[in-house]
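Fold and geometry: a report
For reference, the chains in residue letters:
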Amino acid sequence: QVQLVESGGGLVQAGGSLRLSCAASGNIFGVDVMGWYRQIPGKQRELVASITSGLSRNYVDSVKGRFTISRDNAKNTVTLQMNSLKPEDTAVYYCNVKRYAMDYWGKGTLVTVSS
């Protein structure tokens, strides 16, 4: 099993910044992709950004140029720096890791962007 603990999130005005962090523990050998998803009530969870163990990054189009995902393989952490936040970024953000075709999820952290 892999345990994920998220930190960060909160309330910010449009144009502001927030930083989300996620620490993985437990049976972390073999963790490949780490990433962040978000979900708005009534909508499907969507991938925001992901990063492989080789540091290849992927972003959803709506956050390109504003969000940056990074990873520390030694500390087993993944971070999402979110700049120029917009009200439409408001959602619950979930940390995700993939290990041997299994998905593991954090409990989620709420990000609210006021206009």
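Structure: see above.
Calculation notes
Residues numbered from 1 in each chain as written. Predicted model: local features only at pLDDT ≥ 70, side-chain atom pairs only at ≥ 80, totals over all residues. Heavy atoms only, no water. Phe/Tyr/Trp six-rings, centres within 6.5 Å; stacked < 30°, edge-to-face > 60°. Helix = DSSP H or I, 4+ residues; strand = E, 2+ residues; numbered from the N terminus. Buried < 20%, exposed > 50% of the residue type's maximum accessible area, 1.4 Å probe, protein only. Core = buried A, V, L, I, M, F, W, Y, C linked by side-chain atoms within 4.5 Å. Contact = heavy atoms within 4.5 Å.

On to the packing of aromatic side chains, then. Counting across every chain of the model gives two aromatic pairs. Judged by centre distance (4.9 Å) and plane angle (70°), the ring pair of Y37 and W105 falls under edge-to-face. Placement of Y37 in strand β4 (residues 31-39) and of W105 in strand β10 (residues 102-105) is noted, with a sequence separation of 68 residues between them. Of the residues examined, Y37 reaches a relative accessible area of 15% and is grouped as buried. Given the relative accessible area of 36%, W105 is considered partly exposed. Centroid distance Y94 to W105: 6.5 Å. Interplanar angle 85°. Geometry classified as edge-to-face. With a gap of 11 residues between them, Y94 in strand β9 (residues 91-99) and W105 in strand β10 connect regions that are remote in the sequence. A relative accessible area of 14% places Y94 in the buried class. Members of the aromatic cluster, each reached through a chain of ring pairs, are Y37, Y94 and W105.

Core analysis: the biggest nonpolar cluster contains 28 residues, and W36, L80, M82 and Y93 have the highest contact counts within it. Mapped onto this core, the elements with two or more residues apiece are β1 (2-7), β3 (18-26), β4, β5 (46-51), β7 (67-72), β8 (77-82), β9 and β11 (109-114). Setting aside its immediate chain neighbours within four residues, M82 contacts G16, S17, L18, L20, R66, F67, Y93 and V111.

Read these as layout, nothing more, since geometry by itself doesn't imply function.
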